[in-house]
Amino acid sequence: MVDNIKWHSGEINKAAREELLGQKGLVLWFTGLSGSGKSTIAVEVEKELFKRGKVSYRLDGDNLRFGLNKDLGFTAQDREENIRRIGEVAALFADAGLITLASFISPYRAGREAARQAIGSENFKEIYVKADVETCAERDPKGLYAKAKKGEIENFTGISAPYEEPENPELILDTQRLNLEESVELVLKLILK
Ligand SMILES: Nc1ncnc2c1ncn2[C@@H]1O[C@H](COP(=O)(O)OP(=O)(O)O)[C@@H](O)[C@H]1O
Ligand SMILES: [Mg+2]
């Protein structure tokens, strides 16, 4: 903890911003294996919210690694720090009143739980984007499973690193059974009720 710092409050709070925007600031936290469909679903949800006049913002694993988290790799320790920073950023976005769409493998329960704490459980919806590793490897949208199986990628979730399934997610999207439109519909139903 750094000394000599003190929180400086403003006079406009989350509730006031929410009233201005006509929406609740929250975080939809999409978790699941690489290739399960997190980013694809988040992109469609963003479009549907936009059409309905709702302001959202996507935070996506790879994208943040180009900038904010470019110093981090994929060891358990770096993944923990990656998720910690994202949790803090997502908390700021939600506080700004935005519907924040966070898509990260986030393989560890503890990391997701820490994000929930940073954001506040009432503003946090954990969405498990579910597909088994065989299906994800077959889709292989980024060619990563092929590389991981050849041993070219260390600590690859599902192959050489663990994925801890959510125990009590707010929503499960089984993308082996639901098509994209059906998943998007369920997400909208979760937040626009
Ligand atoms: N029902 C489905 N829902 C979402 N994506 C699907 C579905 N069926 C096939 N896909 C495909 O699976 C891939 C998922 O990739 P992506 O969204 O990048 O995954 P992630 O962000 O979870 O790593 C895409 O190529 C997408 O077109
Ligand atoms: Mg993705």
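The name given to the protein in an unreviewed UniProt entry is Adenylyl-sulfate kinase, with the source organism recorded as Halanaerobium kushneri. Looking at the Catalytic activity (unreviewed entry) heading of the UniProt record, one finds this comment for the protein: "adenosine 5'-phosphosulfate + ATP = 3'-phosphoadenylyl sulfate + ADP + H(+)". What UniProt states about the protein under its Function (unreviewed entry) heading is, verbatim, "Catalyzes the synthesis of activated sulfate."

**Focus on the overall build of the protein**
The helix and strand inventory of the protein stands at 8 helices and 5 strands. For the protein, the succession of helices and strands along the chain, N to C, is α-β-α-β-α-α-β-α-β-α-α-β-α. The C-alpha atoms of the protein give 17 Å as radius of gyration, which agrees with the globular expectation for 193 residues (16 Å, within 12%). Along the first, second and third principal axes, the C-alpha set of the protein runs to 55 × 45 × 30 Å. Across the 193 residues that make up the protein, the buried fraction comes to 44%. Pairs at least 24 apart in sequence give 76% of the contacts found in the protein among residues at least 6 apart. Accessible surface, the protein: about 11,200 Å² in total, of which carbon and sulfur atoms supply 52%. Charged side chains in the protein number 28 positive and 32 negative. The centres of these two groups are separated by 3 Å.

**Quick word on the pairing of strand β3 (residues 99-103)**
Most of β3 is tucked away, with 5 of its 5 residues classed as buried. Of the two faces of β3, both are covered, the one formed by Ile99, Leu101 and Ser103 as well as the one formed by Thr100 and Ala102. Here strand β1 (residues 26-31) pairs with β3 via 5 bridges, running parallel. Note that in β3 the partner of Leu26 across the bridge is Ile99. With 5 bridges connecting them, strand β2 (residues 56-60) and β3 associate as parallel partners. Bridging across to β3, Tyr57 finds its partner in Thr100.

**Comments concerning the site of ligand 1**
In the vicinity of ligand 1, 13 residues are found, and the nearest of them are Gly35, Lys38, Ser39, Thr40 and Leu178. A distance of 2.7 Å is found between an oxygen atom of ligand 1 and a backbone nitrogen or oxygen belonging to Gly35. Residue Ser39 places a side-chain N or O atom 2.8 Å away from an oxygen atom belonging to ligand 1. Within the complex, the protein chains bury 74% of what would otherwise be the 570 Å² of accessible surface of ligand 1. Examining the composition of the shell around ligand 1, we find that 3 residues originate from one element, helix α2 (residues 38-51), more than from any other. Along the lines of polarity and charge, the residues of the shell around ligand 1 split into 3 nonpolar, 8 polar and 2 charged.

Quick notes on the rules
- Residues numbered from 1 in each chain as written.
- Chains lettered and ligands numbered in written order.
- Predicted model: local features only at pLDDT ≥ 70, side-chain atom pairs only at ≥ 80, totals over all residues.
- Heavy atoms only, no water.
- UniProt positions renumbered as here; feature names shortened; annotations may be inferred.
- Helix = DSSP H or I, 4+ residues; strand = E, 2+ residues; numbered from the N terminus.
- Rg over C-alpha atoms; globule rule 2.2 N^0.38 Å.
- Buried < 20%, exposed > 50% of the residue type's maximum accessible area, 1.4 Å probe, protein only.
- Contact = heavy atoms within 4.5 Å.
- Areas by Shrake-Rupley, 256 points an atom, 1.4 Å probe, with all protein chains shown as cover.
- Lys, Arg positive; Asp, Glu negative; His and termini not counted.
- Charge placed at Lys NZ, Arg CZ, Asp CG, Glu CD.
- Pairing = 2+ DSSP bridges.
- Near = heavy atom within 4 Å.
- Polar contact = N/O pair within 3.5 Å; in protein donor to acceptor, adjacent residues only side chain to side chain.
- Nonpolar A, V, L, I, M, F, W, Y, C, P; charged D, E, K, R; others polar.

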